[in-house]
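Fold and contact review
Here is how the chains run, residue by residue.
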Amino acid sequence: MSKFIEKPRYLCALGGAMAAVTALPGTVPVLHAASGCAGNITWAQNGGSGLQVGGYCGGLSVPSSNVQEREVVFGGSERLREQIRNTLEVIAGELYFVLTGCVTEVIGDDVRAVVSEFQDEGIDIIFAETGGFNGNSYHGYDLVLQSLFRNYVRRGVEKIKGRVNLWGIAPFMDVFWRGNLAGLRLLLGKLGLEVNTFFTAGDTLEGIKQAAGAELNIIVSDVYGLEAAKVCEEVHGIPYVVVPPPIGPAATDDFLRRVGAALSLDILLVEDLIEQENKLYYHYLETLIDCYNDLDLQRYAVVVGDANYTVSVAKFLSDDLGWLPELVVCTDQLGEEQKPQLSHRLSSLKSGLQPELVFETDTSEILGHFNRYWPRNRSQKYYNAFSPAFVVGSSLDRELAQSLGAAHLSVSFPVANRAVLDRGYTGYSGGLHLIEDLFSAIVAGR
Amino acid sequence: MRRGKVKDALWLSTALNETDVISGGEVKLEEAIREVDRRYRPSSIIVAAGCVPGIIGDDIDGVAARLQPQVSAKILPVHCEGFKTKIWATAYDAVYHAIGRNLLDEPREYDQILQDEFEELKEKHILSRTVNLMNVSSMGRVDELELSRLLRSLGLEVNIFPVFAHPEEMYKVTRAAVSISTCPTHDDYFLKHLEEKYGIPYIIRHMPIGIDNTSLWIRDVAAFFGLEEQAEKLISEEVRELHTALAEFKPLFKGKKVFVSAGEIRALANGQLLRELGFEVAGIRSFHHDEYAEVDYEKLAAGNRDFVFNIANAQPFEEVNMLKRTKPDLFLGHWCGNATASKLGIATHVIYNTGLSYIGYQGVYELARRLYRQLKNPLFNKRLSRYVPLPYTDQWYDADPFKYIKIMGGEGVE
């Protein structure tokens, strides 16, 4: 039996799936769920996704079968059939994606049968079973990708040299998803690779249909999208590499070398790009040197967030920015088997720092972890305080920052206190963006 | 963000998983309640049941009854399973039901050693002039302050209930002289309970949105206390001041067509407010219908122009069809309900936001000020409409907007 979660930092599987499908090009989600699901998901995004809600057919425009007590008793397949038929008349899409909720899964509607009737008529329509009790929004994102690989991506497509798929960043759940995906796409393009990232403005359904032509899948997450990687390997025979989303030069150097090795790219080509990009990065950073010193901008840090951001931000703070990330709190609900990989990432920092990694789903418990970790001042005259300090987390960690007297920046869901459109933190330029945001938070009152 | 300082609400989820669906979630709920009571020491714990416990048959009332002797917080089970109804206003009754059953008991009084007759008389007098001001979660502090200001101008005391009333002080609602609703859809169930059990009369008629509605609302309260004369003085002074202040905005509003979409009473009351500002009401959508709204339909029908009327829960696809036909200059919609109109290039404004002022005379002025702003520069939406497509098929715009409304055995089905 799992335990409860205080102030969850994610939605249910349906929430993550609806967000992901909304982000697919030209795709219309059709919910087979109880009344309330689409609205609740929409308002949760309204509160947490850096002011981003909706999309082509998102938010409250999402069609739903809106099942009621009658369907709970007698079954909802007929209601779904009617909903799909009506949706096809009213809403224009290149792909329709049926997503189930808790209720329709518990009552056991045969969604596959209903969807296949429409497929037989030649309509591009697929489904995923995303009932909320299956897991959280990151799992829902994974289920959407699995369905695409099983039911949409063409099989038997010839592999094309230099073509890769990249995922592991969940739309809207990673508030910086568009910038993060686009940044990596652009970077890998500089190695001559053709990258399908599914969810950016540069992606198309045709490109997704041809995704089996890739020679490698790059999963930029130790947790999100891994099941889809296994499905894709099984169905389409594409191998995959797993790397945390790279933020800043140190991580991005590693990332490029890893991808280069997996694709057997010319080492000189990769090293050349790394050299150029570092030069550019430090060209920008050069002008920060004086203020970095004069304002004493080095910080102790607590990093709080999802599996992607905790590892990647801590590494950036440690290995590029020269900060001291002492406590790292991963707020995801993870299985025991998923935790060692994240610990491993943080035990091999170039700075030699060994941050304390804690897994905690309950926001109000985080301060307790800090107090157990950092020695308190027992009325000592000379006390090595956790100061100056910074909390990089979500907007739920503002109170923690206030109690530590620390500056605060929200990067991990929910991000209620920032507006995010195309900003991204991945790659070299992403590192510069994160520096801008961290230091802006410090000097905001100047 | 209620009193100027940001504080995150505390809420938890039992995060039911597949195993729980099969073996039941009651044990998990029990453990959560015990831990919440120990960890946060709250005065009350609300257990809100979603769809899954409703289907698998978790007995949340049973859990609450079983645990109540063991925890210090009052446990309030609330039944709000999503599939039970399409009308979200039903949840107001569900919450009131839980409050009415669990939080209204008077604290135990101790015999006083010294009796102060003067103090007792004073308390009695104050209670005889106390009004329960029923707030709703869609109104913010600024709106409560406006209504309190108006009631206090009549020499009345105000007890605001239930949103943000402290659980330990809620019993005070059973001692007032009268209750006044600000949203009839919201309060009918609870006000009847207060009358039946505690003998507190109630007024449930007008939502104080708009000039006339606010005046009617004040008159109702004043009549109860025999303060008609004072009320007329207050109203005429307030209305005179307001009309003077509105004069600078009205030329821009004159003859502009407006479309409104929200919860029933709010939509109708706003329709009247907008007409008072000089707009022409082109259409109104209500999220449901109940009998308390009939008086508001009559008020609107008293205007001389035709307008589209539709009862539906949001349903942007119907809305887009109607907007294409009515071509309004301005649209007011619910949270996350303005995107469709925005993509059509229509000027928009949110019809409720708990930080903004909407209610009372102040609300009329503040709303007018905001609409003036939107209409003075509607380019954000106009530019959007050039490049951001709506997802609807061409054939849909030619179809009957109410094509998919079915009537089954007298029950409307979307």
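Residues numbered from 1 in each chain as written. Chains lettered and ligands numbered in written order. Predicted model: local features only at pLDDT ≥ 70, side-chain atom pairs only at ≥ 80, totals over all residues.

**Some thoughts on the overall build of chain B**
Along the backbone of chain B there are 18 helices and 14 strands. Compactness check: chain B gives a C-alpha radius of gyration of 24 Å against a globular reference of 22 Å for 414 residues, within 12% of the reference. Structurally, chain B occupies a C-alpha span of about 70 × 65 × 45 Å along its principal axes. Taking all 414 residues of chain B together, the buried fraction comes to 39%. Taking the intrachain contacts of chain B between residues at least 6 apart in sequence as the baseline, contacts between residues at least 24 apart amount to 68%. (Helix = DSSP H or I, 4+ residues; strand = E, 2+ residues; numbered from the N terminus. Rg over C-alpha atoms; globule rule 2.2 N^0.38 Å. Buried ≥ 20, exposed ≤ 12 C-beta atoms within 10 Å, placed from the backbone. Contact = placed C-beta atoms within 7 Å.)

**Focus on the interface of chain B and chain A**
Between chain B and chain A, the contact holds 36 residues from the first and 40 residues from the second. Contributing elements (two or more residues each) for the side of chain B that touches chain A: strand E1 (12-13), helix H1 (18-23), helix H2 (26-40), helix H3 (51-56), helix H14 (316-326) and helix H15 (339-343) of chain B. It is H1(B) that provides the largest number of residues to the side of chain B that touches chain A, a total of four residues. Taken together, the residues of the side of chain B that touches chain A sort by class into 21 nonpolar, eight polar and seven charged. Pairing of strand E1 (residues 5-6) of chain A with E1(B) involves two bridges; the strand directions are antiparallel. Each bridged residue has a counterpart across the sheet, and for A:Ile5 the counterpart in E1(B) is B:Ser13. (Nonpolar A, V, L, I, M, F, W, Y, C, P; charged D, E, K, R; others polar. Pairing = 2+ DSSP bridges.)

**A look at the environment of A:Ala170**
Residues and elements named next belong to chain A. Counting through the fold element by element, Ala 170 comes out in the loop between strand E5 (163-167) and helix H8 (177-189). Linking Ala 170 and Ala 20, residues 150 residues apart in sequence, is a C-alpha distance of 6.8 Å. When near neighbours in sequence (up to four residues on either side) are disregarded, Ala 170 contacts Gly 16, Ala 20, Ser 137, Tyr 138, Tyr 141, Trp 177 and Tyr 224.

**As for the environment of B:Phe224**
All names here are of chain B. Here Phe 224 shows up in helix H9 (residues 211-225). Looking at Phe 224, the number of C-beta atoms within 10 Å reads 16, which means it is partly exposed. In the structure, Phe 224 is positioned 46 residues away from Val 178 in sequence and 8.2 Å away in space, judged by C-alpha atoms. Beyond its immediate sequence surroundings of up to four residues, Phe 224 is in contact with Val 178 and Ile 203.

**Some words on unusual backbone geometry**
Put simply, A:Ser387 and A:Pro388 share a cis peptide bond, and its omega is 0°. Of the consecutive residues B:Phe161 and B:Pro162, the connecting peptide bond is found in the cis state with omega at 0°. Not every positive phi belongs to a glycine, and A:Lys7 is a case in point at roughly 40°. Tracing the chain through its elements places A:Lys7 in the loop between E1 and helix H1 (13-23). One non-glycine residue with positive phi stands out, namely B:Cys336, at about 60°. Within the element layout of this structure, B:Cys336 appears in the loop between strand E11 (330-333) and H15. In this structure B:Cys336 comes out as buried when scored by C-beta crowding, with 20 C-beta atoms within 10 Å.

**Thoughts on the nonpolar core**
Residue and element names in this part refer to chain A. Counting 231 residues, the largest nonpolar core has Ala 17 and Met 18 as its most contacted members. Broken down by element, the residue count for this core peaks at eight residues, all from H1. The contacts of Ala 17, once residues within four sequence positions are left out, are Leu 99, Ala 128, Thr 130, Gly 140, Tyr 141, Leu 143 and Val 144. (Core = buried A, V, L, I, M, F, W, Y, C linked by C-beta atoms within 7 Å.)

**Focus: the domain arrangement of chain B**
When its domains are assigned, chain B resolves into domain 1 (18-84), domain 2 (117-241) and domain 3 (247-413). For domain 1 of chain B versus domain 3 of chain B, the separation of C-alpha centres amounts to 39 Å. (Domains from an automatic or database assignment.)

**Brief notes about the sheet that holds strand E3 (residues 95-100) of chain A**
Residues and elements named next belong to chain A. On the basis of which strands lie adjacent, the open sheet formed by three strands has the order E2-E3-E4 and parallel pairing. Both outer strands of the open sheet, strand E2 (27-32) and strand E4 (125-128), are each paired with one neighbouring strand and no more. If you compare each strand with its neighbour and ignore which way they point, the axes differ by 25° on average. In this structure, E3 lies alongside E4, joined through four bridges in parallel fashion. Pairing of Phe 97 across the sheet is with Ile 126, part of E4. (Axes fitted to C-alpha atoms, helices over the stretch in contact; angles between N-to-C directions.)

**Things to note about the domain arrangement of chain A**
Residues and elements named next belong to chain A. Considered domain by domain, chain A is made up of domain 1 (13-151), domain 2 (163-281) and domain 3 (295-415). Relative placement of domain 1 and domain 2: their C-alpha centres are 27 Å apart. The partner domain 2 presents 21 residues to the 22 residues of domain 1 that form the contact. Secondary-structure elements contributing two or more residues to the side of domain 1 that touches domain 2 are H1 and helix H7 (137-151). Examining the composition of the side of domain 1 that touches domain 2, we find that nine residues originate from one element, H7, more than from any other. Residue composition of the side of domain 1 that touches domain 2, grouped by class: 11 nonpolar, eight polar and three charged.

**Looking at helix H4 (residues 77-90) of chain A**
In this model, H4(A) (14 residues) spans 20 Å end to end at C-alpha, consistent with the 20 Å of a helix rising 1.5 Å per residue. Within the sequence span of H4(A), burial applies to A:Arg79, A:Leu80, A:Gln83, A:Ile84, A:Thr87 and A:Val90. For H4(A), the arc enclosing every buried residue in end-on projection is 135°, short of the 170-degree limit, so these residues lie on one face. The secondary structure elements touched by the buried residues of H4(A) are E2, helix H3 (69-74), E3 and helix H6 (111-120) of chain A together with H14 and helix H18 (394-398) of chain B. (Expected span 1.5 Å × (residues − 1). Arc of directions from axis to C-beta.)

**Thoughts on the packing of helix H11 (residues 248-262) of chain A against helix H18 (residues 427-443) of chain A**
All names here are of chain A. One can describe the packing of H11 onto H18 by two numbers: an axis separation of 8 Å at closest approach and a directional angle of 160°. In terms of orientation, H11 and H18 fall into the roughly antiparallel class. For the crossing formed where H11 meets H18, the hand is right-handed. Here H11 contributes Gly 248, Pro 249 and Thr 252 to the contact with H18, which in turn contributes Gly 427, Tyr 428 and Gly 431. (Parallel < 35°, antiparallel > 145°, perpendicular 65-115°, else oblique. Left-handed = near helix turned anticlockwise from the far one by under 90°.)

**Details of the sheet that holds strand E9 (residues 300-305) of chain A**
All names here are of chain A. Here we have five strands laid out as an open sheet, ordered E11-E10-E9-E12-E13, and parallel in their pairing. Taken across any chain shown, the strands that pair with only one partner, and hence form the sheet edges, are strand E11 (356-359) and strand E13 (407-410). Pairs of neighbouring strands in the sheet enclose a mean axial angle of 15°, with direction left out of account. Across the sheet, helix H16 (residues 366-373) is in contact with E9, strand E10 (324-330) and E11; its angle to E10 comes to roughly 140°. Docked against the sheet, H18 engages strand E12 (389-393) and E13, running at close to 140° with respect to E13.

**Topic: the pairing of strand E7 (residues 216-219) of chain A**
On a regular strand, one side chain projects to one face of the sheet and the next to the other, so that they alternate. All names here are of chain A. Sheet analysis places E5 next to E7, joined by four bridges and oriented parallel. Across the sheet, Leu 166 pairs through a bridge with Ile 218, a residue of E7. Note that E7 and strand E8 (residues 240-242) share three bridges and pair parallel. Bridge assignment links Ile 219 to a residue of E8, and that residue is Val 242. Tracing the backbone out of E7, into helix H10 (residues 226-236) and back to the parallel element E8 gives a crossover that is right-handed. (Right-handed = clockwise from strand over helix to strand, strands pointing away.)

**Brief notes about the packing of helix H10 (residues 228-246) of chain B against helix H16 (residues 360-376) of chain B**
Residues and elements named next belong to chain B. Direction vectors running N to C along H10 and H16 enclose 5°, while the axes themselves pass 10 Å from each other. Our classification of the angle between H10 and H16 gives roughly parallel. Together, Glu 238, Leu 242, Ala 245 and Leu 246 of H10 and Tyr 361, Val 364, Tyr 365 and Ala 368 of H16 make up the contact between the two elements. Taken together, the residues of the contact of H10 with H16 sort by class into seven nonpolar, no polar and one charged.

**Considering the pairing of E5(A)**
All names here are of chain A. With five of five residues buried, E5 lies mostly within the body of the structure. Both faces of E5 are covered, namely the face carrying Arg 163, Asn 165 and Trp 167 and the face carrying Val 164 and Leu 166. Here E5 runs beside strand E6 (residues 194-196); their pairing, made up of three bridges, is parallel. Residue pairing across strands places Val 164 opposite Val 195, the latter belonging to E6. Considered for its hand, the β-α-β crossover made up of E5, H8 and E6 is right-handed.

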